[in-house]
Structure formats: C-alpha cells, structure tokens
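Descriptive analysis of the structure
As a plain string of letters, each chain reads:
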Amino acid sequence: MTNDKRGRILLPWPFVRRIVITAGIGVTVLAIVYFLGTLGLYDLGFVRRNSSAFLHGAEYTLSLIAIVIPVGFVAGFSFGWGRTSHRWLPRSVSTAYVEFFRSMPPLVLIVFAGLITILVVAKNPFLAARIEDVGGFAILMSLVALSLHSGSYQAEIIRAGINSVPAGQHDAAAAIGLTRGQTVRYVVLPQMFRISLPALGNEFASVIKDTSLLSVIGAVDLTFQGKNLASLTALQGDIGDLTLIWLVVAFIYLVMTLFVSRTLQGIERRYRVPGLEAAQL
Amino acid sequence: MIAVRGIHKWFGPLHVLRGIDLEVTKGEVLVIVGPSGSGKSTLLRCINLLVQPDEGDVLIEGVKVNSPKIRPEWVRQQIGMVFQSFNLFTHLTALQNVSLGLTKVKKMPAQEAEKLARYELERVGLADKASSYPAQLSGGQQQRVAIARALALNPKVMLFDEPTSALDPEFIHEVLDVMVKLAEEGMTMIVVTHEMGFAKGVADQVIFMDAGQIVEAGTPAEVFGAPKTERLRSFISKILG
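Presented here is a report on the structure given in the accompanying data block. (Residues numbered from 1 in each chain as written. Chains lettered and ligands numbered in written order. Predicted model: local features only at pLDDT ≥ 70, side-chain atom pairs only at ≥ 80, totals over all residues. Heavy atoms only, no water.)

**With respect to the interface of chain B and chain A**
- Contacts between the two partners involve 25 residues from chain B, matched on the other side by 22 residues from chain A.
- Taking both partners together, chain B and chain A bury about 2,000 Å²; carbon and sulfur atoms supply 65% of that area.
- Interface area lost by chain B to chain A is led by F89(B), H91(B) and K104(B), which between them contribute 28%.
- With a shortest N-O distance of 3.1 Å, R45(B) and D171(A) are connected by a salt bridge.
- Of all elements in the fold, only α2 (72-78), β6 (79-82) and α3 (94-104) of chain B reach the threshold of two or more residues within the side of chain B that touches chain A.
- Residues belonging to the side of chain B that touches chain A are distributed by class as follows: 11 nonpolar, 7 polar and 7 charged. (Contact = heavy atoms within 4.5 Å. Buried area = accessible area lost by both parts, 1.4 Å probe. Salt bridge = Lys/Arg side-chain N within 4 Å of Asp/Glu carboxyl O. Helix = DSSP H or I, 4+ residues; strand = E, 2+ residues; numbered from the N terminus. Nonpolar A, V, L, I, M, F, W, Y, C, P; charged D, E, K, R; others polar.)

Here you go:
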C-alpha cells in the first residue's frame, strides 16, 4: 500500500483501480437488469436455465478475441511501419493492403474469406486430405480476414503515430551518434506508442464487437448462442425472454470491451509523461 | 581540428552551399552570422553529416570523414550538436536524455553513465532537475540539458545552431553563460547566432554568410567594426537596429 503526496491511500497498482471502476460499471448494469426483472418484465430464471449456452458463447468469443487482437495488431504494426518506409516496395505494398481492407465491409470480407477457403479446400485434393474440419478452418480464415480488416485501421493509426514524432527528435538522436535502428528502438517507438494508444484502444474495442459477424458463417460465439436461444424462445412467443437474451449478450460484450479498453487506459496512464498531459488532450 | 573544404550542397534545384571553406583550430570559437536562408544551419549539419555534402571534404583532425569508409554515427559521436528547438527526447527525464548516448552509443554501464550524466547536468547548473521531464522545464533549462547531453559524449567540437533564438529573453542569459564557460574551458566551438554580445566577447573568428557563400571572415573587430561589403553593413544595421 502506498500513499500519494496528500496522504491519500493509493491502490498498489494503477490497473487495480481501473478494474474496480470497470467492475462498478458492470455491477450497475446488472443491478438495472435485475431490477427490471423484479418488475416482472422477464423471467430471470431463464438466464440460469440457459447459463451454459451463454458461457459457451462467451468462451468462444473470448477465443476469437484472443486471435483477432494480436493478429490485427501485428498486421497493423508491420504495415503501418511499411507505410512510412522510404523504400518504394514496402510502402506501396502497405498502401495497397490498407486501401483494400479498409474499403471492404467486414461482413463481406468474412463471408468471402469463408467461402473462398471452402472452395479452395474442396478443389485441392492435397488440402482436402489434410484438413478434417473444413468449416472450422473456414471460420479461422474469416477470423484472419477480420483481423486484417482491423489491421488496416491500426496501420493508419501506427503511421500517424510514427509521423507525429517530430523531425527534431530524429536529428537529435542522430547527432548523439545513435544508429537508425537505435533511434527507432529508443526514440521513435516509445513516443509513437504513447501517441497511438488511445486510438488503438478504440480500434480494439471496435473489433471485439465485430467478431459477432462471424456468427453468420457458423461460428458458435456469443451472438450465435443469442440468436439460437432467441429462435427457440420466439416459438413460445415470450418477448420478455427475448429481450433478456439480448440484454445478457450485450452485457457480456460490454464487460469484455470494458476490460480491454480500461486495460489500455491503464497502460496509457502508466506511461504518461509528466508535463505532457495538456499536449495529449 | 575541424576543416571544411569546398563544400557544395544542393536541395533539388536549390544551391544552398556554394563552396564553403573554413578551419577551426583546437580551443577556438567560430561564430557564423548571416541572414536566414544563407545556409548557416545546412553548413553545421554538413559538418556532423546530418546532411551529406554533395561536393567537398569535411576533415576532423586531418581525416576526411564524409567518406563511405567512415560510419557517420562514429563521426557524430565526436561532434556535439545543440539545436535551436532543443530537441530533447520528450519521453525521457533530463538525466535519461543525457545518459542515453552514454549507454547506447558508448556502451557504458548504466551506473557509470548515470554518474557521468549527473556530473554533466551539474556543469550546466541543473543537478536538481535530473528527474524532470522536458515538458516540466523552461526553455532555458531544456537548452542547458541539451548542452549537457552533447557534452556527455566528450566531443572534440561543439556545434550550436542558433541556441538562443527560440528562447524567451529572460532565459537567453543562462544559456549564453554556459556557452561562455565552455569557451573559457577551451572547448572548440562553431556557433551560429545573432547574439552580438557573445560574438564580440567570445569569438576568435567570425564568418558572415549570405546566399550560400562566405562573404566576409575575420576577427570580431574586423567583421563587426569595419565591414567591407554593403551586404554585411546592411545586415549589421538590421540586427543592431
């Protein structure tokens, strides 16, 4: 336990504080959902009876997130760097990548990537003999396509971050004898990373929700489970239960998104440069 | 110590430096004056190879350094440079700004580098600001940290590119004082400045540049006291007026 200058008790780790705030938001939303339930709008027992469907959906969505964020970030970082290259080839390849993936609606990309994967595997005996679960493989490829879509946005964020490091910083680094690689490692990267974080957080939050699109090609994620439960419930015609299903699905997405965006804000605070706060607003 | 022979530099069609020759011996202070756009900054940047000269030689202790055989990083290590806009690394503390070159360029162990960096900050009167970030320092303090950063690498010569031009008037003196002290300690310096007091008091040689050429050169008394050309006369009257 540490204390700040005014003697107030600080939680030992900034992240902890942020998690507490996040949990607060979550509990508030839950309380509202519960309160509406007590008014008799819907049957809260419905959630308990179907908890395994929600849990499986959440678990599946988490595994999608665990792939889409790192793959998207690596793509975005590499191509963003390529966009700022002085050499013609990496620059034009990166520009083509960004323009293509940025111009595609994510749903179209996902369907297209899934279909093309199934086609290619079906027409190719070598692949067909080796890939048992074609459907699963198609979903994986669609997920990669979605990652690349997110990566195209991240590439622009990274490019803007690199370009916003003033030329004077490069001059100063060169003047003390740092090599180009050292300049990137010790001067450009730490500065661009701080500049890019808020926008990256935005993009991560956005792509988490975009994973719901994968349900259209058969991913059994949270949205799929919601749709599935909803279609079963709709037969009985209970609008209250239908509402509740989507409330729960929305709540789980909210928690996941909050967790990621709050974590990023925590990192942002951790690396904030004293005296530069005003300039970062 | 440092000599420049027949340097030419083009930026596209623009002929920025049109054959510059100069020589600075050890411990000497050379002041370069001239209107903006005359090529003073480009000349300094050619000397530490931030800009590659298109023609001509840059010699350090008789060795031609603008040669493909010599790594420019090695050359820049021998030459300290101070910029008009300070260019401190914004994400590092004053101490880290000074020690970065020591640990990464000179490969000095961290503790030793920190000790030396503290000593350099002390030399410019900022021992108490070691853990401050640039954004927390005044312009004058930032420029003094920048001087400490350059000095830490123990350069053979220091280049100053209008070090006080971006400063509020009240901070100009603290930076000039550091520079005067350096000159007195025998540092070889090439200074682009419009500070006439500094030029008259400290310079051994003064060069007046215009349109990429050296128009007049001599002692401060010769250049400022008895200008031979109309261009220099009108320049002096402008900066004094």
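**Looking at the sheet that holds strand β4 (residues 55-60) of chain B**
All names here are of chain B.
- Spatially, 4 strands are ordered β2-β1-β4-β5 in an open sheet, and the strand pairing comes out antiparallel. Since the sheet does not close on itself, it has two edges, and those belong to β2 (14-24) and β5 (63-64), each with one partner.
- As defined by bridge partners, strand β1 (residues 2-11) adjoins β4 across 5 bridges and the pair is classed as antiparallel. Looking at β4, one finds that I2 is bridged to I60. (Pairing = 2+ DSSP bridges.)

**Digging into the pairing of β4(B)**
Residue and element names in this part refer to chain B.
- Direction of pairing for β4 relative to β5: antiparallel, over a ladder of 2 bridges. Paired with I60 across the bridge in β5 is V63.
- The hairpin turn running from β4 into β5, its antiparallel successor, is 2 residues long, and E61 in that turn takes a positive phi close to 50 degrees.

The quantities given are spatial measurements derived from coordinates; they are silent on function.
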